[in-house]
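# Fold and contact review
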Amino acid sequence: MCTVCGCGDAKLEHSHDHSHDHGHDHDHDHDHDHDHHHGPDHGHPHHHHGDDLHFGQGIAGVHVPGLSQNRIIQIEQDILGHNKSLAEINRSWLAERGIFTLNLVSSPGSGKTTLLCKTIEALAGRYPVAVIEGDQQTSNDADRIRATGAPAVQVNTGKGCHLDAHMVAAAFGALKPAEDSVLFIENVGNLVCPAAFDLGEAYKVAILSVTEGEDKPLKYPDMFAAAAMMILNKVDLLPYLDFDVDQCIAYARRVNPDIVVLQVSARSGQGMDEWLAWVSEGRRRAIAERIKMLEAKLAAAKANLG
């Protein structure tokens, strides 16, 4: 969570600051009942399982030096609550325009930009597609997207490790995605923080390269639990790797029993038809929902006139 990495909303965190000339004591409890050793770890609790160290075992699920578990939870609730409110505004804005929006998440180097370029090229002429690109620095990926002919806006996060709903809303104004279109949001390469931040998208799609190891869904369960689909990418490399596809899918479904899995190679084209069909069906449903919304508004207007 961003209380750990420090990329959360500074204003929200600072809103908890207060003067120390008041009349109450500060309780810096560790929010758990068992005894633990206060040695060279400067009083910050962790758990030993054999020779392994396990931080983040308290009620907050993370470890932040100098903050109690309850304090971490309060900061997290403030940040995510504010983001959720903005994400719902984004979702309504997109729904009113019939824009089917996907949040693409992955580790760096998974091949999601290449997959996105191939997707845009395959969809050219069918319906409008636009892209919001998230990276800490550079416009390299947005330039690659623009080279396909699709409009793209680069959002640089600086030291931030994910996009948030406010950044995406700002990108809407610059990008101006067309009605009844598909919008891809390529998030910053990171399998941790983007899992917690709703952007207003219809679905998260987790892209996992077969070069990364089949146990990624277990190592980063929050991301795969939040995703509607897992794309196993670069499957053309399987003959050269010791990657157990069945085991990877089993791990993903242990975390998320309902996750849809596609095996794809942007290079060879394997699985691309299934991926494109899934995207197109999502767009069809978004347009159908938009029509329902318009019909409901029309019916309400007629009822008011009557």
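Residue numbers run consecutively from 1 along every chain, following the written order of its sequence. Given that the model is predicted, a residue must reach a pLDDT of at least 70 before its local features are reported, and side-chain atom pairs must reach 80 or more before they are shown or counted; all residues, however, enter totals for whole chains, interfaces and linings. Side-chain numbers come from the whole structure's heavy atoms, not from hydrogens or water.

As annotated in an unreviewed UniProt entry, the protein is Hydrogenase maturation factor HypB from Magnetospirillum sulfuroxidans.

## Thoughts on the packing of aromatic side chains
The relative placement of two aromatic rings is captured by the distance of their centres and the angle of their planes. Our working rule: For Phe, Tyr and Trp, rings pair up if their centres lie within 6.5 Å, where Trp contributes its six-membered ring, and each pair is then called stacked (planes under 30 degrees apart), edge-to-face (over 60) or tilted (otherwise). Secondary structure elements follow DSSP: runs of H or I no shorter than four residues count as helices, runs of E no shorter than two count as strands, and numbering proceeds from the N terminus. Summary of the burial criterion: residues with accessible area below 20% of their type's maximum are buried, those above 50% are exposed, and those between are partly exposed, where the area comes from a 1.4 Å probe applied to protein chains only.
Applying the stated criterion to the full structure yields 6 aromatic pairs. A centroid spacing of 6.3 Å and a plane angle of 65 degrees characterise the contact between Phe 100 and Trp 278, whose relative ring orientation is edge-to-face. Of this pair, Phe 100 sits in strand S3 (residues 100-106) while Trp 278 is found in helix H10 (residues 272-305), placing the two residues 178 residues apart along the sequence. Considered together, Phe 100 and Trp 278 belong to a single accessibility category, that of buried residues. The interplanar angle of 40 degrees and the centroid separation of 6.4 Å between the aromatic rings of Phe 184 and Trp 275 together place this pair among those described as tilted. Of the two residues, Phe 184 sits in strand S6 (residues 182-186) while Trp 275 sits in helix H10, which places them 91 residues apart along the sequence. What links up through ring pairs into an aromatic cluster is the set Phe 100, Phe 184, Tyr 203, Trp 275 and Trp 278.

## Quick word on the pairing of S6
We apply this condition: Two strands are said to pair when DSSP picks up at least two bridges between them.
The buried fraction of S6 is high, at 5 of 5 residues. Sheet topology note: the S3/S6 ladder contains 5 bridges and is parallel. Paired with Asn 103 across the bridge in S6 is Ile 185.

## Describing the pattern of salt bridges
Heads up, the rule is: By definition here, a salt bridge exists when the distance from a side-chain nitrogen of Lys or Arg to a carboxyl oxygen of Asp or Glu is within 4 Å.
This structure, assessed with the given rule, holds 12 salt bridges. One salt bridge in this structure joins Lys 292 and Glu 289, with 3.8 Å as the shortest N-O distance. Taken together, the residues Lys 292 and Glu 289, both in helix H10 and 3 residues apart, mark about one turn of the helix. Shared partners join several salt bridges into a network, and the residues in it are Glu 88, Arg 91 and Asp 198.

## Here we look at the side chain of Lys 216
Our working definition: In protein, a polar contact requires one atom able to donate a hydrogen and another able to accept it; more generally it is a pair of N or O atoms within 3.5 Å, and residues adjacent in sequence count only if both atoms are side-chain atoms. Any two residues whose heavy atoms approach within 4.5 Å are treated as being in contact.
Here Lys 216 shows up in helix H7 (residues 216-219). Within the structure, Lys 216 has its side chain in polar contact with the side chain of Ser 107 (distance 3.3 Å). Excluding its chain neighbours within four sequence positions, the residues that come into contact with Lys 216 are Ser 107, Leu 191, Leu 208 and Phe 224.

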